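# Structural overview
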Amino acid sequence: MELVIRNIKKDYGKVHALSGISITFTPGLYGLLGPNGAGKSTLINLITDNIARQEGEILLDGKDIKTLGRNYRTVIGYMPQTQGFYNDFSVYAFLMYISRLKGLEKSKAKKRSLELMEAFNLQDKKRTRTGSLSGGMKQRLMLAQALLNDPEILVLDEPTAGVDPQERIRIRNYISMISEGRIVILATHIVSDVEAVANEICLIGNGKIIKNGTPGQLIQDVSEKVYDISADYGKLSEIQEKYIVSNINNREDGVHIKIIAGTAPEGYNYCRCTANLEDVYLNTFNS
């Protein structure tokens, strides 16, 4: 399976949300990483055929998704950024309702709904109204509904938004587990959500793909730019003005400041330190 995005453009009035994005997805887990307003959600809405594109093509195995219609919707699952529930529906009734919208037969819908409630630890909430669920449970339920048709393409927009760290790890691990054999596209501005699980990461800013590659490749690009400065606390403001600061850590021997810089910092005690994807993000969007 191959999903090809070719020269996609989308404007909202005078705002250029996407400016000629091209990328190819094959089975694997892809992270779309960028700040709010970068164009991630617009790209997601175009891939899921929820909004009209102005220019370009979106091809599934060589066929434009516009021509595939229902056949495209049967292979795609979508978890939107904004939770949309009928608050008086029970968890089970909600999943059965979405199953019907997806065209699942009743027996298959029932079986799949029960499987997913168990997979996401929602079986005890089967009769609970969705409006009374916690934020984490709602996110799990939204991910469950995206998987009802066992999609070959799974599109997730900020899947861990508003959940606590434990819930974030649980959701992230499940996404990683189910990514085998399907295209999973995860849009987020939370670096840790994609660093450990994505096969490839696309950094998006101002409606363009700035760079893409495996996490290792992207980290390698900044590995020679990351330093740890040890200094008195009084030097902190000065250092922040000169460099991109990714971490500040107070220790017994003073403050240690992790920076990203094109050349070694002069006038300070420093050493090189290990880069991570957060450093890549800051170097890309703060430089």
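Residues numbered from 1 in each chain as written. Predicted model: local features only at pLDDT ≥ 70, side-chain atom pairs only at ≥ 80, totals over all residues. Heavy atoms only, no water.

## Quick word on the packing of helix H9 (residues 215-222) against helix H11 (residues 277-285)
- Relative to each other, H9 and H11 sit at 60°, their axes nearing to 9 Å. Taken together, the axis directions place H9 and H11 in an arrangement best described as oblique. The interaxial crossing formed by H9 with H11 has left-handed handedness. Facing H9, whose interface residues are Leu218, Ile219 and Val222, H11 presents Leu277, Asp279, Val280 and Asn283. (Axes fitted to C-alpha atoms, helices over the stretch in contact; angles between N-to-C directions. Helix = DSSP H or I, 4+ residues; strand = E, 2+ residues; numbered from the N terminus. Parallel < 35°, antiparallel > 145°, perpendicular 65-115°, else oblique. Left-handed = near helix turned anticlockwise from the far one by under 90°. Contact = heavy atoms within 4.5 Å.)

## Concerning the pattern of salt bridges
- Scanning the entire structure with this criterion turns up 15 salt bridges.
- Arginine 112 is the salt-bridge partner of glutamate 115, the closest N and O atoms lying 3.4 Å from each other. With glutamate 115 and arginine 112 both in helix H5 (residues 106-119) and three residues apart, this pair spans about one turn of that helix.
- The class of arginine 112 is buried, set by a relative accessible area of 17%.
- Between arginine 168 and aspartate 193 there is a salt bridge, and its shortest N-O distance comes to 3.5 Å. Separated by 25 residues along the polypeptide, arginine 168 in helix H7 (residues 165-178) and aspartate 193 in helix H8 (residues 192-195) bring together distant segments of the chain.
- A relative accessible area of 18% means that arginine 168 is categorised as buried.
- Bridged by salt links that share partners, the residues Lys111, Arg112, Glu115, Asp150 and Arg182 form one connected network. (Salt bridge = Lys/Arg side-chain N within 4 Å of Asp/Glu carboxyl O. Buried < 20%, exposed > 50% of the residue type's maximum accessible area, 1.4 Å probe, protein only.)

## So, H7
- The terminal C-alpha atoms of H7, which comprises 14 residues, lie 20 Å apart, in line with the 20 Å expected from a rise of 1.5 Å per residue.
- Looking only at H7, the buried set comprises Glu167, Arg168, Ile171, Arg172, Tyr174, Ile175 and Ile178. Angularly, the buried residues of H7 cover 160° about the axis, an arc narrow enough to put them on a single face. Summarising the geometry of H7, the exposed residues directed more than 90 degrees from the buried face are Pro165, Gln166 and Met177.
- Of the surrounding elements, those touching the buried residues of H7 are strand S3 (28-33), H5, helix H6 (135-146), strand S7 (153-157), strand S8 (183-188) and H8.
- N-capping of H7 is provided by aspartate 164, with a side-chain oxygen placed 3.2 Å from the backbone N of glutamine 166. (Expected span 1.5 Å × (residues − 1). Arc of directions from axis to C-beta. Polar contact = N/O pair within 3.5 Å; in protein donor to acceptor, adjacent residues only side chain to side chain.)

## Quick look at the packing of H6 against H7
- Here H6 crosses H7 at 10°, and the two axes come no closer than 10 Å. As summarised for this structure, H6 and H7 are arranged roughly parallel, according to the angle between their axes. Contacts between H6 and H7 involve Gly136, Gln139, Arg140 and Leu143 on the former and, on the latter, Glu167, Arg170, Ile171, Tyr174 and Ile175.
- Taken together, the residues of the contact of H6 with H7 sort by class into four nonpolar, two polar and three charged. (Nonpolar A, V, L, I, M, F, W, Y, C, P; charged D, E, K, R; others polar.)

## Observations concerning the side chain of lysine 40
- As for its placement among the helices and strands, lysine 40 is situated in helix H1 (residues 40-47).
- When neighbours within four sequence positions are excluded, lysine 40 is seen to be in contact with Leu32, Leu33, Gly34, Pro35, Glu158, Ala187, Thr188 and His189.

## Some words on the sheet that holds strand S1 (residues 3-12)
- One open sheet accounts for four strands, arranged S2-S1-S4-S5; its pairing is antiparallel. The sheet is open, and its two borders are formed by strand S2 (15-25) and strand S5 (63-64), each paired with just one other strand.
- Relative to S2, S1 runs antiparallel, the two sharing eight bridges. When the bridges of S2 are listed, valine 4 appears paired with threonine 24.
- With respect to the sheet, H1 is in contact with S1, S2 and strand S4 (55-60), its orientation differing from that of S1 by roughly 120°. (Pairing = 2+ DSSP bridges.)

## Points about the sheet that holds strand S13 (residues 254-260)
- The strand order across the open sheet formed by four strands is S12-S13-S11-S14, and the pairing between neighbours is antiparallel. Pairing within the sheet leaves two strands with one partner each, and these edge strands are strand S12 (244-251) and strand S14 (269-272). Direction aside, the axes of adjacent strands within the sheet are offset by 25° on average.
- By the bridge criterion, four bridges tie strand S11 (residues 226-231) to S14 in an arrangement that is antiparallel. The residue bridging aspartate 228 from the neighbouring strand is cysteine 271, located in S14.

## Focus: H1
- The buried count for H1 comes to six of eight residues, which makes it a mostly enclosed element.
- Taken as a whole, H1 has its buried residues at Lys40, Thr42, Leu43, Ile44, Leu46 and Ile47.
- Where H1 ends, the next residue or the one after it, aspartate 49, has phi of about 60°, a positive value.

## A word on the environment of leucine 33
- Positionally, leucine 33 belongs in strand S3.
- Taking the C-alpha atoms as reference points, leucine 33 and asparagine 173, 140 residues apart in sequence, are found 18 Å from one another.

## With respect to the environment of glutamate 241
- With respect to the element layout, glutamate 241 can be found in helix H10 (residues 236-242).
- With 55 residues separating them in the primary sequence, glutamate 241 and leucine 186 have C-alpha atoms 34 Å apart.

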